[in-house]
Each structure stands twice: as C-alpha cells, then as structure tokens.
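Each chain is listed here by its residues.
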Amino acid sequence: DVQLVESGGGSVQPGGSLRLSCTVSNLIRSTICMGWFRQAPGKEREGVAIVYIGGGGSTYYADSVEGRFTISHDGAKHTLFLSMNTLKPEDTGMYYCAAAAPGQICAPKAARESAYYTRWGQGTQVTVS
C-alpha cells in the first residue's frame with residue numbers, strides 16, 4: 001500500500017529554495033517518528049532530517065544540511081514538510097519521506113538510519129544545477 005506521497009521536487013539553481021511535502025494516509029497517522037532521506041546516484045541513502053512527533057517535536061539534521069533545511073509536521077493536515085534553503089549541487093538526489101512503525105519512538109541514533117523505517121514514499125527528485 002502507498003501510504004506516503006511526496007511532492008514539491010524540481011530543478012533549481014544553486015542558492016534556490018524548495019519545500020517538499022509528504023501526505024500521510026490514515027493507516028499510519030499514528031506514527032510518531034518520521035524523516036526525510038535522500039539518495040544521489042552511486043551513493044547510499046542518507047538521513048537528512050528527522051522529527052520526533054511524539055517526543056515534543058525534537059529534530060535531528062545531518063551536518064551537511066544543518067542551518068539550511070527545516071523539517072516540520074502539521075498534524076491537522078497530516079503532512080510532513082521539508083523546507084530547503086540555499087540549495088547546493090550536492091543536495092541533488094531523490095528525496096524520500098519515511099515513517100517508523102506506528103508507536104515506534106525516534107531512538108536517538110538508530111532513527112538516523114534508513115533501516116529504522118518501515119514505510120516509504122515513492123520519492124521526489126530534487127536537482128540543483
């Protein structure tokens with residue numbers, strides 16, 4: 001079942017901005033740990049931003065995006081966002097929305113890894129050039 005759907009990707013020039021959105025289906029609205037991951041050609045999938053929805057909204061950012069990206073969650077709209085500013089060519093890749101199992105907490109270190117998540121969107125392409 002497709003339970004996460006990303007949108008908002010596209011092509012931008014360096015220094016530009018994009019906002020990605022991820023709509024969450026009713027089946028996984030009980031998830032309390034969600035994140036954004038990206039994968040560039042020839043590289044491993046990496047976690048870029050995590051939000052602990054059930055833990056006071058605390059966040060984690062990869063060093064490479066700290067200060068430029070912001071993850072947020074709108075509970076009323078059942079949507080996860082990733083605001084990306086000052087985009088760089090190295091930000092290019094397929095961006096995926098991910099959700100941990102319903103009720104699963106964001107473990108301090110484990111939640112930064114893709115294997116921690118059980119449901120994924122299809123991805124949205126971001127190209128910075």
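Here's a quick rundown of the structure. (Residues numbered from 1 in each chain as written. Predicted model: local features only at pLDDT ≥ 70, side-chain atom pairs only at ≥ 80, totals over all residues. Heavy atoms only, no water.)

## Considering the overall build of the chain
Counting secondary structure elements, the chain contains 0 helices and 11 strands. The linear arrangement of helices and strands in the chain, starting from the amino end, is β-β-β-β-β-β-β-β-β-β-β. By the compact-globule yardstick of 14 Å for 129 residues, the chain fits well, its C-alpha radius of gyration being 13 Å. Each principal axis of the C-alpha distribution contributes one length, and for the chain these read about 40 × 25 × 25 Å. Across the 129 residues that make up the chain, the buried fraction comes to 41%. Across the chain, contacts joining residues at least 24 apart in sequence account for 60% of those joining residues at least 6 apart. A total of about 6400 Å² of accessible surface is found on the chain, and carbon and sulfur atoms cover 48% of it. Distance between charge centroids for the chain: 3 Å, based on 11 positive and 10 negative side chains. (Helix = DSSP H or I, 4+ residues; strand = E, 2+ residues; numbered from the N terminus. Rg over C-alpha atoms; globule rule 2.2 N^0.38 Å. Buried < 20%, exposed > 50% of the residue type's maximum accessible area, 1.4 Å probe, protein only. Contact = heavy atoms within 4.5 Å. Areas by Shrake-Rupley, 256 points an atom, 1.4 Å probe, with all protein chains shown as cover. Lys, Arg positive; Asp, Glu negative; His and termini not counted. Charge placed at Lys NZ, Arg CZ, Asp CG, Glu CD.)

## Let's talk about the nonpolar core
Note that soluble globular proteins tend to have their nonpolar side chains buried in a common cluster. If you look at the biggest cluster of nonpolar residues, it comprises 25 residues, and the most contacted ones within it are Trp36, Ile71, Leu80, Leu82 and Met84. Elements that contribute at least two residues to this core include exactly β3 (18-24), β4 (33-39), β5 (46-52), β7 (69-74), β8 (79-84), β9 (93-99) and β11 (124-128). Setting aside its immediate chain neighbours within four residues, Leu82 contacts Leu18, Arg19, Leu20, Trp36, Val48, Ala49, Phe69, Thr70, Ile71 and Tyr95. (Core = buried A, V, L, I, M, F, W, Y, C linked by side-chain atoms within 4.5 Å.)

## Examining the environment of Phe81
Here Phe81 is to be found in strand β8. In this structure Phe81 comes out as buried when scored by relative accessible area, which is 12%. Taking the C-alpha atoms as reference points, Phe81 and Trp36, separated by 45 residues in sequence, lie 8.8 Å from one another.

## Observations concerning the state of the cysteines
If you walk through the whole model with that rule in mind, you get 2 disulfides. Covalent S-S linkage joins Cys22 and Cys97, the inter-sulfur distance amounting to 2.1 Å. An S-S torsion of about -75° defines the bridge between Cys22 and Cys97 as left-handed. Of this pair, Cys22 sits in strand β3 while Cys97 is found in strand β9, placing the two residues 75 residues apart along the sequence. Cys97 shares its class with Cys22; the two are buried. A sulfur-sulfur separation of 2.0 Å characterises the disulfide bridge that pairs Cys33 with Cys106. The S-S bond linking Cys33 to Cys106 shows a torsion near 105°; that makes this disulfide right-handed. Taken as a pair, Cys33 in strand β4 and Cys106 in the loop between β9 and β10 (119-120) lie far apart in primary sequence, 73 residues in all. (Disulfide = S-S within 2.5 Å.)

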